[in-house]
Amino acid sequence: MGNTPIQDGLLQRLFLTPEALARYPAPKQDEALPHQLIVLGETKAGRVLQATSDTVQHWTDMRRAAQQDGIQLEVRSAFRSYDYQHQLIARKLDRGEPPNQILQVVALPGYSEHHTGYALDIVTPDHPELTEDFELSAGFAWLSQSAHEFGFSLSYPRDNPWGFIYEPWHWCFKPA
Ligand SMILES: [Zn+2]
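Reference entry: report on the structure contained in this document. (Residues numbered from 1 in each chain as written. Predicted model: local features only at pLDDT ≥ 70, side-chain atom pairs only at ≥ 80, totals over all residues. Heavy atoms only, no water.)

## Focus: the packing of aromatic side chains
- Tallying each qualifying case throughout the model produces seven aromatic pairs.
- Centroid distance Phe134 to Phe140: 6.1 Å. Interplanar angle 70 degrees. Geometry classified as edge-to-face. Phe140 carries the same exposure label as Phe134, and that label is buried.
- Between Phe152 and Phe173, the aromatic rings sit 5.5 Å apart at their centres with planes inclined by 50 degrees, giving tilted as the arrangement. Taken as a pair, Phe152 in strand S5 (residues 152-154) and Phe173 in strand S6 (residues 170-173) lie far apart in primary sequence, 21 residues in all. In this pair, the class of Phe152 matches that of Phe173, namely buried.
- Members of the aromatic cluster, each reached through a chain of ring pairs, are Tyr118, Phe152 and Phe173. (Phe/Tyr/Trp six-rings, centres within 6.5 Å; stacked < 30°, edge-to-face > 60°. Buried < 20%, exposed > 50% of the residue type's maximum accessible area, 1.4 Å probe, protein only. Helix = DSSP H or I, 4+ residues; strand = E, 2+ residues; numbered from the N terminus.)

## A look at the environment of Phe79
- Summarising the element assignment, Phe79 is placed in the loop between strand S3 (74-77) and helix H4 (82-94).
- Taking relative accessible area as the criterion, Phe79 reaches 16% and is therefore assigned buried.
- For the pair Phe79 and Gln50, spaced 29 residues apart in the sequence, the C-alpha separation amounts to 5.4 Å.
- Setting aside chain neighbours within four positions, we find Phe79 in contact with Glu31, Ala32, Leu37, Gln50, Ala51, His114, His115, Gly117 and Ala119. (Contact = heavy atoms within 4.5 Å.)

## Side note on unusual backbone geometry
- Of note, the phi angle at Phe15 is positive, near 60 degrees, even though the residue is not glycine.
- With respect to the helices and strands, Phe15 occurs in the loop between helix H1 (10-13) and helix H2 (18-22).
- For Phe15, a relative accessible area of 69% translates into the label exposed.
- In this structure, Asp159 takes a positive phi of about 55 degrees despite not being glycine.

## Describing the environment of Ile6
- Inspection of the secondary structure assignment puts Ile6 in the segment before H1.
- On the accessibility criterion, Ile6 (8% relative accessible area) is buried.
- Along the chain, Ile6 and Pro109 lie 103 residues apart, while their C-alpha atoms are 5.6 Å from each other.
- The residues contacting Ile6, other than those within four sequence positions of it, are Leu11, Leu21, Leu108, Pro109 and Tyr111.

## Considerations on the pairing of strand S2 (residues 48-52)
- Across five bridges, strand S1 (residues 37-42) lies against S2 in antiparallel orientation. Across the sheet, the residue bridging to Ile38 is Ala51, located in S2.
- Counting the residues in the hairpin turn of S1 and S2 gives five residues, including Gly46, whose phi is positive at 90 degrees. (Pairing = 2+ DSSP bridges.)

## What about the side chain of His115?
- Structurally, His115 is set in the loop between helix H5 (99-105) and strand S4 (119-123).
- Under the relative-accessibility criterion, His115 is labelled buried at 0%.
- Excluding residues within four positions of it along the chain, His115 makes contact with Gln29, Asp30, Glu31, Ala32, Phe79, Arg80, Ser81, Tyr82, Gln85, Leu108, Pro109 and Gly110.

Written out as structure tokens, the structure is:
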């Protein structure tokens, strides 16, 4: 199976055997190369957000179009390295969150669409949290209607085959 981006110890901490990993339902995702990434902006907390240049270009067009319709779109998370994904999971384990719950909300390192630099977690000022009720926001209604015009689509709808929770905030740009 070649080398895995999952660092030693993480599978054990998640109680995942190699057999369970082989059955992991999400596809592997390549990590964007540094030269493919450009700065998209930063979070309120000052963390720099990066995505591929075509994603940033289409995001910029989409944000502007939404703004013209009175919708303020913001990105909460964009590119994430394998290493960052590992830290995300490790932090949740350190906080005592149950492994099966973690696996529903965070993809294993190597399996998150955020590695590709094409996926964006998008929110609005009135719904800044990554929670399911984002689907009730005007921002989600706008995205549902218009995001496809800019090449973005919802990756994890309700009852998706990957076993992930419904993520109305997670949109992925597909290069033509
Ligand atoms: Zn996401």
